[in-house]
Amino acid sequence: MTGPYEGPVVLPDDPSLGPEVQVDFPGYRSTRWRAPSRPLETLPEELHSLRGPVFGGSAIGPLDDDLTRQHDGEPIGERITVSGRVLDDDGRPIRGALVEVWQANACGRYHHEVDRHPAPLDPNFSGAGRCLTNEDGRYRFTTIKPGAYPWGNHPNAWRPAHIHFSVFGRAFEQRLVTQMYFPGDPLFPYDPIFNAVRDPKARELLIARFDLATTQPEWSLAFEWDIVMRSTPFEDADE
Amino acid sequence: MTTTPSQTVGPFYSIGLCRQSDDVLDPEGVELSGTLFDGRGDPIRDGMVEVWDAAAERWGRSTTDGEGRFHFRVRPDADVLEAFVFARGLLRHQRTRIHLRDDGAAEDATLVARRTADGFLFDLHMQGERATLFFAH
């Protein structure tokens, strides 16, 4: 994630935000008072190789990977599957990784008391799921395509449609919280969160691929998105 | 392969990440609580802290409440907990450590929890004079 920010200018830098602080991104206002101000310390070497929590099948309910079947009725919206692999940066699958997702409904409204967007809530959609990756490192969710929604960052600010992902690998360091986007979204150039990843090639890694091959005819569109986490000493030992 | 970039947890993570009482690492444990503060000294009400008692392999997660406070029940004889901080406005989670013993092992004075009558208190300051030390990770 190094290199210059080459995307379209999202916002003029606002002088009232003050000097940029570390891991701050001026276009995303909330970073101003929340990004750490002290220089980051080097982690003691032995702490790079800690095992992390292991979540077994007991952490998962039977309908947790199908966000369209968690209520009596079906949610409104485009039914989709989102699947992919959780890999380390050597390309090896990470098995048993806990993948948690949350998202807005088809209208761009979260089932959350703080969300005031005047779009309808869907009584048949909570927007949360979780699963464990299988032997090939694969995860799979059935859900509906989330809508874009406005937010208060700057005048006429809209978030591109996205699904939030949280992933636990095997090591404590294999921890990732990120957002998956949909290909071709016209809001990409205007979103400071997406563009906070300043390397355009790295931003591409956040965009899922439409996959006709796994689309279920007469049923659901399919998107494929792989998640890559750093390698750790543990995968070798567990092979 | 290039690793997938981080993105903020946003303000609505609780619908996906907080479906059970994950803040108990040890049911017989003691209270570890604290407040997450931003650079203006205001409590961060939409933050989340995860802790890992690596020695006992016990994990916990707590969202901050309306006062920016988080709560855990932890092993009273744990020496140190590894911790991650998440919040709207944090592009990536931040890593720190919570030392429950003031035994000189802490990397920084900001990483030592204070003893209270019934457990431990550990405040997190993202910025300012009392800014918590975070580790590159």
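Just so it is clear, the structure is predicted and the values come from calculations on it, not from any experiment.

1. Section: the overall build of chain B
Logical step 1: Helices and strands together make up the secondary structure of chain B, namely 1 helix and 9 strands.
Logical step 2: Put simply, chain B runs from its N terminus to its C terminus through helices and strands in the order α-β-β-β-β-β-β-β-β-β.
Logical step 3: Taken over the C-alpha atoms alone, chain B extends approximately 40 × 35 × 35 Å along its principal axes.
Logical step 4: Classification of the 137 residues of chain B by burial places 53% in the buried group.
Logical step 5: Look at the contacts in chain B between residues 6 or more apart in sequence, and 61% of them connect residues 24 or more apart.

2. Quick look at the sheet that holds strand β5 (residues 80-87) of chain B
Residue and element names in this part refer to chain B.
Logical step 1: Strand order in the open sheet made by the 4 strands is β3-β2-β5-β6, with antiparallel pairing throughout. The sheet terminates laterally at β3 (58-63) and β6 (94-99), the two strands that pair on one side only. Between one strand axis and the next, the sheet turns through 25° on average, direction left out of account.
Logical step 2: Bridge count between β5 and β6: 6 bridges; the pairing is antiparallel. Its bridge partner lying in β6, Ala 83 is registered against Thr 96.

3. Focus on the confidence of the model for chain A
Logical step 1: Overall, the prediction assigns chain A a mean pLDDT of 88, with 87% of residues at 70 or greater.
Logical step 2: Every residue in residues 1-22 of chain A scores below 50 in pLDDT, and together they form 35 contacts with partners more than four places removed in sequence or on other chains.

4. Description of the nonpolar core
Nonpolar side chains tend to gather and get buried jointly when the protein is soluble and globular.
Logical step 1: A:Val86, A:Val99, A:Val167, B:Leu81, B:Val85, B:Phe86 and B:Ile98 are the most contacted members of the largest nonpolar core, which totals 85 residues.
Logical step 2: Per-element tally for this core: the top contributor is β5(B), with 7 residues.
Logical step 3: Those residues within four positions of B:Ile98 in sequence are excluded, and the remaining contacts are B:Val51, B:Val80, B:Leu81, B:Ala83, B:Leu111, B:Ala113 and B:Phe122.

5. Focus on the interface of chain A and chain B
Logical step 1: At the interface, 51 residues of chain A touch 46 residues of chain B.
Logical step 2: Of all the secondary-structure elements, those providing two or more residues to the side of chain A that touches chain B are β2 (98-103), β7 (162-168), β8 (175-181) and β11 (227-229) of chain A.
Logical step 3: Per element, the largest residue contribution to the side of chain A that touches chain B is 5 residues, and it comes from β8(A).

6. Topic: the pairing of β6(B)
Logical step 1: Judged by how many residues are buried, β6(B) sits mostly within the fold: 6 of 6 residues are covered.
Logical step 2: Where β5(B) hands over to β6(B), the hairpin turn is made up of 6 residues, of which B:Gly89 adopts a positive phi near 90°.

7. Brief notes about the environment of B:Arg40
Logical step 1: Its place among the elements puts B:Arg40 in the loop between β1 (30-37) and β2 (47-53).
Logical step 2: In this structure B:Arg40 comes out as exposed when scored by C-beta crowding, with 11 C-beta atoms within 10 Å.

8. Looking at the pairing of β3(B)
Logical step 1: Of all 6 residues that make up β3(B), 6 are buried, and the element is covered over most of its length.
Logical step 2: The hairpin formed by β2(B) and β3(B) contains 4 residues between the paired strands, and B:Glu57 there has a positive phi angle of roughly 55°.

9. A closer look at unusual backbone geometry
Logical step 1: Residues other than glycine seldom take positive phi values, yet A:Glu218 does so here, at roughly 65°.
Logical step 2: With respect to the secondary-structure elements, A:Glu218 resides in the loop between β9 (209-210) and β10 (221-224).
Logical step 3: A positive phi angle is found at B:Glu57, which is not glycine, with a value near 55°.
Logical step 4: Among the structural elements, B:Glu57 can be located in the loop between β2 and β3.
Logical step 5: For B:Glu57, a count of 13 C-beta atoms within 10 Å corresponds to the partly exposed category.

10. Things to note about the sheet that holds β8(A)
Residues and elements named next belong to chain A.
Logical step 1: Judged by pairing direction, the sheet is antiparallel, and its 4 strands sit side by side in the order β3-β2-β7-β8 without closing on themselves. The sheet is open, and its two edges are formed by β3 (128-132) and β8, each paired on a single side. Shown here is a sheet whose adjacent strand axes are inclined to one another by a mean of 20°, direction ignored.
Logical step 2: Two strands pair when backbone bridges link them, and β2 and β3 are joined in this way by 5 bridges, in the antiparallel orientation. Looking at the pairing, Glu 100 lines up with Arg 130 of β3.

About the thresholds
- Residues numbered from 1 in each chain as written.
- Chains lettered and ligands numbered in written order.
- Predicted model: local features only at pLDDT ≥ 70, side-chain atom pairs only at ≥ 80, totals over all residues.
- Helix = DSSP H or I, 4+ residues; strand = E, 2+ residues; numbered from the N terminus.
- Buried ≥ 20, exposed ≤ 12 C-beta atoms within 10 Å, placed from the backbone.
- Contact = placed C-beta atoms within 7 Å.
- Pairing = 2+ DSSP bridges.
- Axes fitted to C-alpha atoms, helices over the stretch in contact; angles between N-to-C directions.
- pLDDT = per-residue confidence, 0-100.
- Core = buried A, V, L, I, M, F, W, Y, C linked by C-beta atoms within 7 Å.

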